[in-house]
Structure formats: structure tokens, C-alpha cells
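Below, each chain spelled out in residue letters.
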Amino acid sequence: MSAPEIVSYEPATGAELWRGRTGDATAEIAIARAAFSEWAARPVTVRIETLRRFVNVVRGNAEVLAGLIARETGKPLWEARTEVEAVMAKVDISVSAYGERTGQRRLEGAMGARNAVRHKPHGVLGVLGPFNFAAHLPNGHIIPALIAGNAVVFKPSEKAPATGELLVQCYHEAGVPEGVVRLLIGGAEQGQALASHDGIDGLLFTGSARAGLQLSRQFAEKPGKILALEMGGNNPIVLWNPTDLDAAATVILQSAFLTAGQRCTAARRLIVEDGKHEVILEKIGKITDRLIIGAPDDEPQPFMGPVIDNEAADALQETYLALMMKGGAPIRRMDRPVEGRPFLTPGIIDVTNVADRDDEEAFGPLLQVIRVPDFESAIAEANNTRFGLSASLIGGNPKLYDRFWAEIRAGVVNWNRPTNGAPSNAPFGGLGLSGNHRPSALYAADYCAYPVASSEMDQARAAIGIGLRDR
């Protein structure tokens, strides 16, 4: 009996883009296990040089990869191109991080011994990728894992398998052995099989908090396996006494609606001072009305495309309507401008009077407005979440920002910058339901290798000075 198929459709058109058979986790892990030792034994300089060739391969296929990302995820072509740039930039960042975070250390010890700290790869690592950055985010796990000497079994999102397949082809074309990076096509069943398999030495995950919690429970009984969770956020953006309202409105919209709101760092909650909110909401509404929503290759280029599929669009509209039914006041309706396709107009709703707001990540272009009487209440409201990924203060002054930085619970804290302005050359991760203290980006090197402390001498020297009987 043949394996079932995974089919990928273009969100913007509904056209079939790609189809392929689901894979077998056990078989892929076995191949990776067999290839691991030879790859790990190569000098790190050789592994790095191989991945520098990967950059050249991606550069030569940049337009093909960008076009595929755009078609498969629905994001505008300009944004897909920035994702490809991030894929290439990840190598240099990861090389620097490996030297900084996991470099060798040597110190002189007692009796002439050498004390050393070196790092070893874990072995075979599973990588579960998301659809929103179908190349950039899994690549952010895979590159540091390969530099450290691990082998990888990568299961892309079932909503973006074509992008995952092309990414793996680029590794292989660059000279990474085919056994060292394996592609596992499949859905939830294959992901669960990979995550639960005794043959992996760890799992690197990017996705929803719900799936991350399940993985955390599963790995709780496996302390010998590394688990890095990169999850989402119910991220706050606090507006307080801004000097430039137009710039503030633009930063808020970039935070909330880039990538059709399908970023884990997207602003979900706008917290404003009650009584001073009307002017900024008017400006936000006017700019929102001007945003171009369209297909990836439309001209002029759209600001945002569709969400990933109709199921996601339906769920977002249901969330918006549920907030209205609970007392939310619509500022901009969330509409479906193209019948039968998952395009959404950005929804903005005042939920100040909604008593039982759900602390969930609405993964799309939906911004909830909350009015508060003072800055103390603003910080309390911003921290009123189980998540803790990203937060921004727009406006204020250095003293107010110092207070915001000190009191806010988030792994990314920005000032007068979007919530999704996270640099790749810094650690990236969050608290609570946003992660498990395994930040990625610059700090991905930390979970891709483990430290080994050694005390070394050319020959044994030892004496027992106390506690021996006389001869």
C-alpha cells in the first residue's frame, strides 16, 4: 500500500502547487544516524566551508526560492525576497555564534594539567518547521545544528512542503551529505512520529503553544534529549505620549499586520491611554484603509497577502465575531474581500469592556485595543498574559522606557520599534508559553552542542598524601 500524499495549494489562487508522498520517520532517522559520525568527525572549518557554499547555492536560486515561498505561503514577493536574504545571512551569524557561544577554552590547571572546555554535537536532531517563514525559521535551526556537527531530520509544515523540499535540495547541492540532512514529508502523524522516536537526540520546534506544551510533556520523561521550543505570543504594544503620531501609527500597523499578522512577534494587543486614544485610532484606521491586500505577484505590490488557508481565515473571523458578541467595539471590520480565498482585511477592535478576553494567540491580522488610565495599568495589562515573547513601547522618554524594560515580561523588548523588529544577530526567545528558555538566533548554538569539561595531562601523576598507613 502506497503512502498517503500531502498536497500544497497556493493560498492566493487555490491552485495546486505541489504534491508528494508522506515519509517514514524511522527510515529517515536511520539514514541520518548512519551519516552522523562521518559529518561530526569533519573539522568544523570544513563544515563551515560547506555551508558557505550553501549561501552561494541559495543566491543562485534566490528568485526561484522567493517565488516558491510567495506562492506557497501567500506572502508578497518583496517579503519573500527578504526571507531568502535572511536564509543566506544565517550562515555568517551562526558561524560567529558558534565561535562565541561554543568555542574551545583552555586554562592551566594544578600540577601542570590542562583544563579544557569543548563542545560536542548531540547526534541526530529533529526539526519541525512552521509555514509562516517556511525557509528562514527551520534554516535558523538547521544551520547551527550542522555547524556543530549534528545530522538533521527536517519535517516542514504540511502547509509548506515545497519550500522545505527546495531548501533541503540547496543543502545537498552545496555538499552537505544527503544522509546528514533528511527531508520528512508529512502532517501531524509524521511530526509526532519524529518527536517521539527514540532514535533522535533532540527536537528543535517552531510552532504553536498548544503543540509546544504537548512536546514539553512528552520530553519531560526524557531528560537526556534536548528540546528547544520557539512558540508564539499574545504580544503587547504600549502607546504612551508619542511625539510623532503618524510614525507611531505606522509602527503599530507594521507590528500588527506584516505577513498578514502571521508572525509570532506580531502585536496582538494595543494598549493606549484612555482619553488620548481617539486621535491615534483615527490615524491607524486611515492608514489601514490604504493598505493594499493582494496576491504575491500583484502590481503594485501589496502590503500583505492572504493568510495561509481558508480554515485559518474562518477561525480568525470567528474570533473577531466572538469578541464583538462579548462587548467589543469594532474599529475596522475583518472582511473577506475575495470570495472563497483566505484574504482578510485587517481587523481592529476595542476590547476594553470585554471582561473575559481569551489569552490566546490569534495568528493573523487582528489587533485588539485596550484602554487604561495610567502607565502602571498599561504595564499590568501588557503582562496580563501567559505568553512572553515580544513587547514594544511607542513614545515615552528614556526614564519611562527604563521602567518599561525593567517591568515587562518578554524576551524581546523594543522602544519605538515594531514588536516584530527582532535582529537575527541577537538571541530570540520568550517566557511562559512562548518558549522553554532555549532562545534561538544567536543563541541557537547553545542547544545544538553540549559542553564537555576536561582535565588533561600527557601522563598520569598522582600521590596520596593523607590517609595511608606506614609501610
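This text follows the structure it describes.
Draft legend 1. Just the packing of aromatic side chains, in detail. Under the counting rule described, the total for this entry stands at four aromatic pairs. Note on Phe 131 and Phe 363: the rings are 6.0 Å apart at their centroids and 90° apart in plane angle, and the pair reads as edge-to-face. On the criterion of sequence distance, the pair formed by Phe 131 in the loop between β5 (124-128) and α5 (136-148) and Phe 363 in the loop between β13 (347-350) and β14 (366-372) is long-range, its members being 232 residues apart. Owing to a relative accessible area of 16%, Phe 131 belongs among the buried residues under this scheme.

Draft legend 2. Region of the structure containing the nonpolar core. By size, the foremost hydrophobic cluster in this structure holds 77 residues, and its most contacted members are Phe 54 and Leu 146. Counting residues per element, this core draws most heavily on helix α4 (residues 77-102), at eight residues. In this structure, Leu 146 is in contact with Trp 39, Arg 47, Leu 51, Val 152, Val 176, Val 180 and Val 181, ignoring residues within four places of it in sequence. The next biggest cluster of nonpolar side chains, apart from the first, holds 53 residues, and it includes Ala 248, Ala 249, Ile 394 and Ile 408.

Draft legend 3. Representation of the pattern of salt bridges in the model. Here the structure, examined in full by the defined rule, presents 30 salt bridges. Salt-bridge contacts for Glu 83 lead to Lys 75; the nearest nitrogen and oxygen are separated by 2.9 Å. Accessibility assignment for this pair places Glu 83 and Lys 75 in one class, buried. When the shortest N-O distance is used, the salt bridge between Arg 268 and Glu 361 registers 3.7 Å. Placement of Arg 268 in strand β11 (residues 267-273) and of Glu 361 in the loop between β13 and β14 is noted, with a sequence separation of 93 residues between them. Judged by relative accessible area, Arg 268 falls into the buried class, the value being 1%.

The rules behind each value
- Residues numbered from 1 in each chain as written.
- Predicted model: local features only at pLDDT ≥ 70, side-chain atom pairs only at ≥ 80, totals over all residues.
- Heavy atoms only, no water.
- Phe/Tyr/Trp six-rings, centres within 6.5 Å; stacked < 30°, edge-to-face > 60°.
- Helix = DSSP H or I, 4+ residues; strand = E, 2+ residues; numbered from the N terminus.
- Buried < 20%, exposed > 50% of the residue type's maximum accessible area, 1.4 Å probe, protein only.
- Core = buried A, V, L, I, M, F, W, Y, C linked by side-chain atoms within 4.5 Å.
- Contact = heavy atoms within 4.5 Å.
- Salt bridge = Lys/Arg side-chain N within 4 Å of Asp/Glu carboxyl O.

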